[in-house]
Structure formats: C-alpha cells, structure tokens
There are 2 protein chains.
Amino acid sequence: MRIGILGAGQLGRMLALAGMPLGQRFVFYDTTGSPSAGIGEVISDPERAQVESFLEQVDLVSFEFEHLPLDLVEFIETRKPVLPGSRALKICQHRGEEKALFDRLAIPTPEYRLVDSAEALCAATEELGAPVVAKSVTEGYDGKGQAVLRHPDEAEAAWHRIGHPQLIVETMVDFVREVSIIAVRSRDGEVRCYPMAENQHVEGILRYSVAPLPDLAASTQQQANAYIQSLLEALDYVGVLTLELFQTHDGQLLANEMAPRVHNSGHWSQDGAVTSQFENHLRAVAGLPLGSTEARLPSCMINMIGREADARALLSLPDVHLHRYDKSERPGRKLGHVNVVANDHATLLERVRTCVTCLPEAPPVSFSFEHD
Amino acid sequence: MRIGILGAGQLGRMLALAGMPLGQRFVFYDTTGSPSAGIGEVISDPERAQVESFLEQVDLVSFEFEHLPLDLVEFIETRKPVLPGSRALKICQHRGEEKALFDRLAIPTPEYRLVDSAEALCAATEELGAPVVAKSVTEGYDGKGQAVLRHPDEAEAAWHRIGHPQLIVETMVDFVREVSIIAVRSRDGEVRCYPMAENQHVEGILRYSVAPLPDLAASTQQQANAYIQSLLEALDYVGVLTLELFQTHDGQLLANEMAPRVHNSGHWSQDGAVTSQFENHLRAVAGLPLGSTEARLPSCMINMIGREADARALLSLPDVHLHRYDKSERPGRKLGHVNVVANDHATLLERVRTCVTCLPEAPPVSFSFEHD
C-alpha cells in the first residue's frame, strides 16, 4: 500500500518509520518548501504544480499537519481517499468551529467568546473576567498567535500584536494540570484509547509528557475516553485524534483543543506502549485491525528544543530512547525527543531528571503527581 | 553521521529503520544487482564502478551480509573505517578459518575434517563415523551448499552435488536444540550479550526463535557469553556478532558457526528487548554507548517464508508485531517476520500457534522446553 502524507516534517518521518515494517510505502507532499522527513519520496511543491504526480503515486492520503490549504485537501478528496477527511480538518483549523462541536457534544470547555475587533476583545475580557487568553481562530499552534490579557485595557495592544481578524477569548482555567487523550478509530468504527498523558508546556511549547499517570482516577480516564469517542464518531473519523484538556482542582476535565493527527504528547507510545500512535494511525487508515493501546511501563517523553542534546550522555542512561528528526538547530525548533521508560514512576522521574542534565536549555521538570 | 552499508537487503533495511531515530543517514552499496532495502540511498553497482561515489557519501562503512568480495572490503578499509573490519569478515567467509579460530580460543565444536576430494570426503566420513554433514567452506548459508552423508559410499554423489573444491566435514551432533548468542562490542571494548535464543530450523532455514529461554541454566548463558566475548576480543570486533551453537543432552554447548552481523535469530529484540540488535550495532559502530540487551518479556520471532502472511488476521492478535521486507513472493524467500510478545512462555506459545495459522506453509512449532 502506497500512502501519501500531506506535510513532510517529523510526524511524517515517524509515520514512515512505523509504517514501513507493515509493508507500506510513503510519498510526502510538502507545500511549505522546507520538508524535513528525510525518508520516502518527498515532493516539495509550494506552487502546487505536482499534485497530479503525487496522486498517481499513492493509494490513499493522510496528513501530519492540520494547517493545510483546505481547498487542496478537498480537491484531493475527489480523487483519492483522505483519512481522516477534510471535515475533521476544517473543524480543527478553526477554534470557533472546534468549540461549537465541543458544545454540541456536551464536552465541557472553558467559557469563551468570539470577537472580531479590539473593542469586542475588551468587552469579552470584562464579561468573562480577566485573566483571559485570546487566540487567533486559525493558524495558531505551539503558543503562536496567542496573548494573555490580565486587564481589559490590554485588549487594544493584544489585538494588534496577534494581528488576526477573528479571535477566540477564553477564561483562563485554574487547572491542576494539562492532560491529553489520544485515541484511534478504525475504518469499521472500532475505537481504542491510549492512557492519558500529563503534559508540561513552557511558553506554549510542549516539553514533557508522562503516561500513564499514577494518580489518575479510572473515572477520569473513562470520561476522557467518552469525550474523544463522541468526537471520533461525530466526525466519522478514521485514524489518530488528540484532545488536549485541562484537569481542574475538583478533577473535572475541560477540553482545550484537538488535533486531527498523531501528537507530540503521544510520542511516549513509541517505546512505552504495545503499539505506537504512529503504527495505530497507519493501521487505521490502511483498514487493518488496531493494535493494543496499553502502556507497557511508565514512560516520559522529553522534547529536544532548539539545540541538540548530548546523545552520548543520554544513551549511556538506562532505558533511554533517542528520536532525532535530522533537522538543523534553530531556537524554538523541535529537533527530536527522548523517551524514558522505567518500572515505576519514582525511577522514571529520577531518570528523566538525569536526562534533563544532558539537554541544553531544558526547563525544570514538574509533574503535578509529584506534589501530592 | 552518514553510514554506508554493504548489502541492501532486509537486514540493511532494519538497520536504517533503527538508525534514523539516532539521527544517522544511510547509503547502501549493493553488488548483487537486486537491492531490496527500500530505504535510504541505494547504489546498485554490480560492476563496482561507483565505489568512489559511495565512499564520498559516507563517514564509515558496515555490512549486512558476509558474502562480500573481500578485496572490495579491503579496498574500502584503506579509505574509510569499516566496522566490523575485513579480518572478521575473512574468517566468517571460510568455515575452515572459523573452526581454527574456535579451536584456538578453546570453544568446543563438533569434530571436523577439511577435505578437497570425493575420496577424502569418503575417508573423513569413515573416520568421524556417519552420519556426518559436509559443507562447502565458503559461500554457504541458509542450508545451501550442504549435504548429510549417512554412509561413506554417499561421498562421491555428495561431493558432486555440492560442487565446491573444499569442504568441511563434521560429526552430526545429537543435540537437544539449536541456540544462538548475540553480543555487541563497542569501540572502547565494552561487551553486552543478549539472552540466548532457541532456534528452530526447517530444511536449513530458520523458522522460529524464542528468547529468553525458560529452562536455560544461568551457567549455560554465562558459558555462551564467555565464548562470544573471547571471539569479539580476538577479532577486536566492533558491532554485533552472532554465534550459533548446539546444546547437547548433557547441557554442553558446541559452536556451529558465526555471523559477523545482526542475525535473524535476534529479530525478536526489536519488540522484546530494551534495545534491539539493530540499534546496538549502530550505537557500536558510531562510537555511542551501548544500550541494554535485557529482554523485556518472552518473545518469539516467526519467519515469513515464500508467501506473505494474512496481515489482517495477524494484526488482530494481541502483541503481534509485523516486520515486512517489501519483497515479492518467491519460494524459500524471507519476506518478513512476525514478533510475538507475552507475559509468560505458555501464553507466548499459545499466541505463536495462533499466528502460525495465519502463515501459509509454516511448519509446526516445536521448542525443546515444551517437552520437559
């Protein structure tokens, strides 16, 4: 089976690494002009002149990145199966539509308003009560296109700084931790959920993810499973979907945003789960049975941001697995990640802290379950 | 780091899949005219006209196949580091030299004679006592170039059937099982050994490998570790080395042959060990610290020979991992393998037997530890 991937970054690279053992071949179609997959056939085509040639080489199409030209995906869909399809993509490209879907499915989210002027942003901030976070409804990721407003009079400056014609303004939730649930749905509707991860972000960029969580109530996992299952079914979705949530002091979950793809907070599954999120995405889109989403052992993913780690020092540590993306160093750029595995969470955190000493500029590790 | 691999089959493919996450890039140099790696840059050059171009693209060279032109490897060695080097290759290409090394290191082997005529083969068969196995001293693998003689008067026919100017004739050992030990040695001389595997061959081709073994005495593993360590040190070897042995009724080990590379009997390590043999080979040759060779769980490798398995049926089974080589079907050809993992050996064997029903032409599974 020949699989076309829209986008050619590290997620595509890791999909190919997981899919080749299944006998799949990969062709990447990149519209950014800077592909980095470094595996399979890569068509870099910012002018979109080679779409036909791409389509001839593939049996079906998936994507590793949701900020794709929707018209391109809709066109491809007239020619080859696209999994997940343009409907999921369209909703995930627009925070307003995403919130509306959460509302429709009774998935709780932080209270929000949509605004299309600095004045409306100011009014929404007053109405919701500062602090609030304002985000462009489209194109934002990794904390880009966002601003925190601590007072309504910051609206004018924030509006101009973000520079987008429509924003979503949300109550800042007083959360205990950020978590995510990743699930996969097969072509025949089977759904499997990974154990939830706790995610530590710094300046909007994911730094650490741990799964499974030692202090997670079974009912919380079940609640998250139910939320993501309702999303998967509402979208008649095939493949891996990610839902990021806040967990509040009373244990409740509030949906933050979703991503229609394999996700950085699921990279731990490469070394810590029976079947990785990458393999399960490919099993799903290829119409194969899903693999177990169970965790083998407690695992932590550490992102390598901006500068390469000391690989020699990292690999001298027990049960540490390096995943480099073969990209050049640049501030804020995701260059790779490290998965650490251990028999118990205490050993895991000890190992993670040792790894962190090998990573330039890595922030201190702080997971909520350590402070109980 | 750019790694050149001599040979471009499935072992090279799996090396690249393991090495890319370490940030390594791969260039394959194939002299057979039928490369199948399907990953990285492949130079297919039966005329050996593009060696220079290959060498320009790599920092060091390793190999996935020992039946390489020795002069080619010796030439490459004058230009780039070759790990493991031509010395190990030369010995592993010649069963006579291999046996001499075993003798020198006091590693017990079945009794043997070198013969260079049908008459000498007949005499050796009488002297050793039939049955014996005669093998060409060079170029044999997967049971090719071999014959079993049940009587000295079969010597003439066997000599002509094998058709090689020199043979090694060995006593047929009355063994309980065939086992192998795989070890890796780093550039600075550190050695790590994998748990021994039991290997089931049919018609000279490996079909099943299980590791670790539930009934293996610790002293037997230690004996095998000592044998392979002495080989690694005698050859000043860097990378993964495999030693196949017979285990006799009194528990003794007799060396059969060695392979200077990652080995089919170590494929279980991809899903069953903390670090796979492929990753450890690449860590070693790249001068990185070695990873743990510990098994996580009991694992079994099932080869897919000649015909593709029913992937859909296989992937519906728990903890079953498919590794296809993207090759076309042909009788006797290795097309892929399946790794099965379980919490205990009883469950493992049950799962393996279920897998076998999905594999056309797979022989019955029979491991010695089941019959105790």
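- As annotated in an unreviewed UniProt entry, chain A carries the name N5-carboxyaminoimidazole ribonucleotide synthase and is attributed to Kushneria phosphatilytica.
- As stated in UniProt under Pathway (unreviewed entry), the record for chain A gives "Purine metabolism; IMP biosynthesis via de novo pathway; 5-amino-1-(5-phospho-D-ribosyl)imidazole-4-carboxylate from 5-amino-1-(5-phospho-D-ribosyl)imidazole (N5-CAIR route): step 1/2."
- As stated in UniProt under Subunit (unreviewed entry), the record for chain A gives "Homodimer."

### Notes on helix H12 (residues 345-356) of chain B
Residue and element names in this part refer to chain B.
- Taking 1.5 Å of rise per residue, the 12 residues of H12 would be expected to cover 16 Å, and the 16 Å separating its terminal C-alpha atoms lies within 8% of that figure.
- Every buried residue of H12 is accounted for by His345, Leu348, Leu349, Val352, Cys355 and Val356. Buried residues in H12, looked at end-on, bunch into an arc of 115°, giving them a common side. Those residues of H12 that are exposed and angled more than 90 degrees off the buried face are Ala346 and Glu350.
- Packing partners of the buried residues in H12 comprise strand E12 (205-211), strand E15 (299-305), helix H11 (311-315), strand E16 (320-324) and strand E17 (334-341).

### Considering the sheet that holds strand E5 (residues 112-115) of chain A
Residues and elements named next belong to chain A.
- Strand order in this open sheet of 4 strands is E5-E8-E6-E7, and the pairing throughout is antiparallel. Lying at the two open borders of the sheet, with one neighbouring strand each, are E5 and strand E7 (146-149). Averaged over all adjacent pairs, the angle separating strand axes in this sheet is 20°, with direction ignored.
- Two strands pair when backbone bridges link them, and strand E6 (residues 132-136) and E7 are joined in this way by 4 bridges, in the antiparallel orientation. Its bridge partner being in E7, Lys135 is matched across the sheet by Gln146.

### Overview of the side chain of His345 of chain B
All names here are of chain B.
- Positionally, His345 belongs in helix H12.
- Among the residues examined, His345 registers a relative accessible area of 16% and is labelled buried.
- A polar contact of 2.7 Å, which involves the side chain of His345, links it to the backbone oxygen of Pro212.
- Excluding residues within four positions of it along the chain, His345 makes contact with Val210, Pro212, Leu213, Pro214, Pro298 and Phe369.

Conventions we followed
- Residues numbered from 1 in each chain as written.
- Chains lettered and ligands numbered in written order.
- Predicted model: local features only at pLDDT ≥ 70, side-chain atom pairs only at ≥ 80, totals over all residues.
- Heavy atoms only, no water.
- UniProt positions renumbered as here; feature names shortened; annotations may be inferred.
- Helix = DSSP H or I, 4+ residues; strand = E, 2+ residues; numbered from the N terminus.
- Expected span 1.5 Å × (residues − 1).
- Buried < 20%, exposed > 50% of the residue type's maximum accessible area, 1.4 Å probe, protein only.
- Arc of directions from axis to C-beta.
- Contact = heavy atoms within 4.5 Å.
- Pairing = 2+ DSSP bridges.
- Axes fitted to C-alpha atoms, helices over the stretch in contact; angles between N-to-C directions.
- Polar contact = N/O pair within 3.5 Å; in protein donor to acceptor, adjacent residues only side chain to side chain.

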